[in-house]
Amino acid sequence: MNRILLLEDHKRLALLISKGLAPAGIVVDTFERIDHAWHALQQVPYQAMVLDRGVPDGDGLSLLQRLRTAGNNIPCLVLTARNALHDRVNGLEAGADDYLAKPFAMEEMVARVKALLRRPVEFQSLDPVCGDLLLQTASNLICCADKSQLLAQAEMQVLVVLMRKQGETVRHNLLEAAAWGLTDAVTPNALDVVLHRIRKKLLAIGSRQQIVNVRGVGYALVEP
């Protein structure tokens, strides 16, 4: 499963996009404001984002420009009703990877987002490696040597964060945001359940990596 961020203030369109991408295994977190989207991007390791230019608190391109200035190269599709040449050029010059004008066919939207997800991101590997573990994100498999285990969506999202941190401690709330986004309600022990299942799967494939609880701080994936 891949998780993307959508900045779109038109609720019906946002819902249609979310439903259209779901069969492709793409989960969508929708935000109507630039400041809310910016906050989410600091919390969740999204694989791509789709931005509308006309939202209540400004031009979606300002979010993209801020991300690029900060060195964040997350793949981005700009989605807008503005179809003039100079608008498309402005979007691409701001750092967009692709541009889609409204109205559009959902099949084209899905194809373009899937193409974005195939593009490598400079600051991170698409298939994280940590110690003896390889995470195959396209197939939701955690692998160690010749053994593998299938991961549920939340399990994979948590492992993506832990593996990319390479032994650094990740706070509890950041792992929850990675697994369920910032818009879903999460039960108090949901993360504990997911971590328990991941630990069992790491044991099953014979990995030396372990998820440790750093009391009062969060969790880390380490090799004791």
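Refer to the preceding data block for the structure.
1. Some remarks on the overall build of the chain
Regarding its fold elements, the chain presents eight helices and 14 strands. Once the C-alpha set of the chain is aligned to its principal axes, its extents read approximately 55 × 35 × 30 Å. Residues counted as buried form 47% of the 224 residues belonging to the chain. Look at the contacts in the chain between residues 6 or more apart in sequence, and 61% of them connect residues 24 or more apart. Of the accessible surface of the chain, which amounts to about 10,900 Å², a share of 52% is contributed by carbon and sulfur atoms. A gap of 4 Å separates the mean positions of the 25 positive and 24 negative side-chain charges of the chain.

2. Regarding the pairing of strand β1 (residues 2-7)
Of all six residues in β1, five are buried; the element is thus mostly enclosed. Taking the sense of rotation as the criterion, the β-α-β connection linking β1, helix α1 (residues 11-21) and strand β2 (residues 26-31) turns out right-handed. In the sheet, β1 pairs with strand β3 (residues 48-52) via four bridges, with the strands oriented parallel. Of the residues in β3, the one forming a bridge with Leu6 is Val50.

3. Looking at the pattern of salt bridges
Per the counting criterion, the structure on display carries 13 salt bridges. Ionic pairing is found between Lys11 and Glu32, a salt bridge with its closest N-O pair at 2.8 Å. Linking Lys11 in helix α1 with Glu32 in the loop between β2 and α2 (34-43), this pair joins segments that are 21 residues apart in sequence. The exposure class of Lys11 is exposed, given its relative accessible area of 59%.

4. Looking at α2
Of the residues making up α2, those classed as buried are Ile34, Ala37, Trp38, Ala40 and Leu41. Down the axis of α2, the sector holding all buried residues measures 165 degrees, keeping them to one side. Those residues of α2 that are buried lie in contact with β1, β2, β3, β4 (54-55), β5 (58-59) and α3 (60-69).

5. Describing the sheet that holds strand β13 (residues 210-214)
Across the sheet, which stays open at both edges, the three strands sit in the order β12-β14-β13 with antiparallel pairing between neighbours. Edge positions in the open sheet fall to β12 (170-171) and β13, since each of these has one partner strand only. Note that β12 and strand β14 (residues 218-222) share two bridges and pair antiparallel. Its bridge partner being in β14, Val170 is matched across the sheet by Tyr219.

6. Observations concerning the packing of aromatic side chains
All told, the structure shown has zero aromatic pairs when counted by the stated rule. Sitting over the ring of Trp38, Arg66 keeps its end group 3.7 Å from the ring centre.

7. Looking at the nonpolar core
Ranked by internal contacts, the top residues of the largest apolar core, which has 29 residues, are Ile142, Val158 and Leu221. When residues of this core are traced back to their parent elements, those giving at least two are β9 (133-136), β10 (141-144), α6 (153-164), α7 (172-180), α8 (190-204) and β14. With eight residues, α6 is the single largest residue contributor to this core. Beyond its immediate stretch of four places on either side in the chain, Leu221 contacts Cys130, Leu133, Leu159, Leu162, Met163, Gly167, Leu202, Gln209, Gln210 and Ile211.

8. Structural notes on the sheet that holds strand β11 (residues 147-150)
An order of β8-β9-β10-β11 is seen for the four strands of this open sheet, with the pairing classed as antiparallel. Only two strands of the sheet have a single neighbouring strand rather than two, namely β8 (129-130) and β11. In this structure, β9 lies alongside β10, joined through three bridges in antiparallel fashion. Across the sheet, the residue bridging to Leu134 is Cys143, located in β10. Sitting on the sheet, α6 touches β8, β9, β10 and β11, and the angle it makes with β9 is about 130 degrees. Contacting β9, β10 and β11, α8 crosses the sheet at an angle of about 160 degrees to β11.

9. Examining the pairing of β13
Two strands pair when backbone bridges link them, and β13 and β14 are joined in this way by five bridges, in the antiparallel orientation. The residue of β14 that forms the bridge with Val214 is Gly218. Between the end of β13 and the start of β14, which pair antiparallel, lie three residues, with Gly216 showing a positive phi angle near 80 degrees.

Analysis parameters
- Residues numbered from 1 in each chain as written.
- Predicted model: local features only at pLDDT ≥ 70, side-chain atom pairs only at ≥ 80, totals over all residues.
- Heavy atoms only, no water.
- Helix = DSSP H or I, 4+ residues; strand = E, 2+ residues; numbered from the N terminus.
- Buried < 20%, exposed > 50% of the residue type's maximum accessible area, 1.4 Å probe, protein only.
- Contact = heavy atoms within 4.5 Å.
- Areas by Shrake-Rupley, 256 points an atom, 1.4 Å probe, with all protein chains shown as cover.
- Lys, Arg positive; Asp, Glu negative; His and termini not counted.
- Charge placed at Lys NZ, Arg CZ, Asp CG, Glu CD.
- Right-handed = clockwise from strand over helix to strand, strands pointing away.
- Pairing = 2+ DSSP bridges.
- Salt bridge = Lys/Arg side-chain N within 4 Å of Asp/Glu carboxyl O.
- Arc of directions from axis to C-beta.
- Phe/Tyr/Trp six-rings, centres within 6.5 Å; stacked < 30°, edge-to-face > 60°.
- Lys NZ or Arg CZ within 6 Å of the ring centre and 35° of its normal.
- Core = buried A, V, L, I, M, F, W, Y, C linked by side-chain atoms within 4.5 Å.
- Axes fitted to C-alpha atoms, helices over the stretch in contact; angles between N-to-C directions.

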